[in-house]
Amino acid sequence: MDVKTCGSIPSRRAPEDWFTGTVWQDPIIQAPAPARLISVVVHFAPAARTAWHTHPLGQTLYVVSGSGLAQVWGEKIREIKAGDVVWIPPGEKHWHGAGPANSMSHIAMQEALDGNAVEWMEKVSDSQYSGAK
């Protein structure tokens, strides 16, 4: 058993290559092999968001606080709120983040396949974020 005490894993600023706006991450776990689980609490400031991305084995989001937005490529933007659970199937191109006026925090859970849990793509443009056609 390995216990990580509160505060023993520092918060980190999310990489600008993969996020727009102010985003902080608090790692929960990156389990050692043969386990594949990676989990992190992600805190999005208003209008902050991920880039488009996919996960080889899918992703589950649990919204802890606030309200946000999520979108699958080619589909309408959906609102997500505290208490919501979002399942993104393997290979589905998507993004998620805070709404324009409110912050949002979620727990992201995904498994790695051959050491890779995510494939990052292009950033979500302002017009995509706003839902403009």
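Now for a description of the structure that goes with this document.

Cut-offs applied
- Residues numbered from 1 in each chain as written.
- Predicted model: local features only at pLDDT ≥ 70, side-chain atom pairs only at ≥ 80, totals over all residues.
- Heavy atoms only, no water.
- Helix = DSSP H or I, 4+ residues; strand = E, 2+ residues; numbered from the N terminus.
- Buried < 20%, exposed > 50% of the residue type's maximum accessible area, 1.4 Å probe, protein only.
- Salt bridge = Lys/Arg side-chain N within 4 Å of Asp/Glu carboxyl O.
- Core = buried A, V, L, I, M, F, W, Y, C linked by side-chain atoms within 4.5 Å.
- Contact = heavy atoms within 4.5 Å.
- Patch = residues over 30% accessible without salt bridge, like charges linked within 9 Å, V, L, I, M, F, W, Y side chains within 5 Å.
- Areas by Shrake-Rupley, 256 points an atom, 1.4 Å probe, with all protein chains shown as cover.
- Polar contact = N/O pair within 3.5 Å; in protein donor to acceptor, adjacent residues only side chain to side chain.

Concerning the environment of E16
Okay, step 1: Here E16 is to be found in the loop between β1 (12-13) and β2 (19-20).
Okay, step 2: For E16, a relative accessible area of 62% gives the class exposed.

Concerning unusual backbone geometry
Okay, step 1: Cis geometry marks the peptide bond from A33 to P34, where omega comes out at 15°.
Okay, step 2: Look at D114: it is not a glycine, yet its phi comes out positive at around 55°.
Okay, step 3: Inspection of the secondary structure assignment puts D114 in the loop between β11 (104-111) and β12 (119-120).

Details of the pattern of salt bridges
Okay, step 1: The full count for this structure, using the stated rule, is 3 salt bridges.
Okay, step 2: K4 is the salt-bridge partner of D2, the closest N and O atoms lying 3.2 Å from each other. The exposure classification of D2 matches that of K4, with both residues exposed.
Okay, step 3: R49 serves as the salt-bridge partner of D126, at 2.7 Å between the closest nitrogen and oxygen. One end of the pair, D126, is in helix α1 (residues 126-130); the other, R49, is in strand β5 (residues 49-50), and 77 residues separate them in sequence.

Focus: the nonpolar core
Soluble globular proteins tend to pack their nonpolar side chains together in the buried interior.
Okay, step 1: Counting 16 residues, the largest nonpolar core has V23, F44, I80 and M104 as its most contacted members.
Okay, step 2: Elements supplying a minimum of two residues to this core: β4 (37-44), β7 (59-72), β9 (85-88) and β11.
Okay, step 3: Those residues in contact with F44 that lie beyond four places of it in its chain are F19, T22, V23, R49, T50, H96, G97, A98, S103, M104 and H106.

Describing a nonpolar patch on the surface
Okay, step 1: On the surface, a nonpolar cluster with roughly 220 Å² of combined accessible area is contributed by I28, I29 and L37.
Okay, step 2: Residue position: I28 is located in strand β3 (residues 23-30).

Remarks on the side chain of S39
Okay, step 1: Residue placement: S39 occurs in strand β4.
Okay, step 2: Under the relative-accessibility criterion, S39 is labelled buried at 6%.
Okay, step 3: One polar contact links the side chain of S39 to the main-chain carbonyl oxygen of A108, over a distance of 3.2 Å.
Okay, step 4: Ignoring anything within four residues of it in the chain, the contact list for S39 reads P27, I28, I29, I107, A108 and M109.

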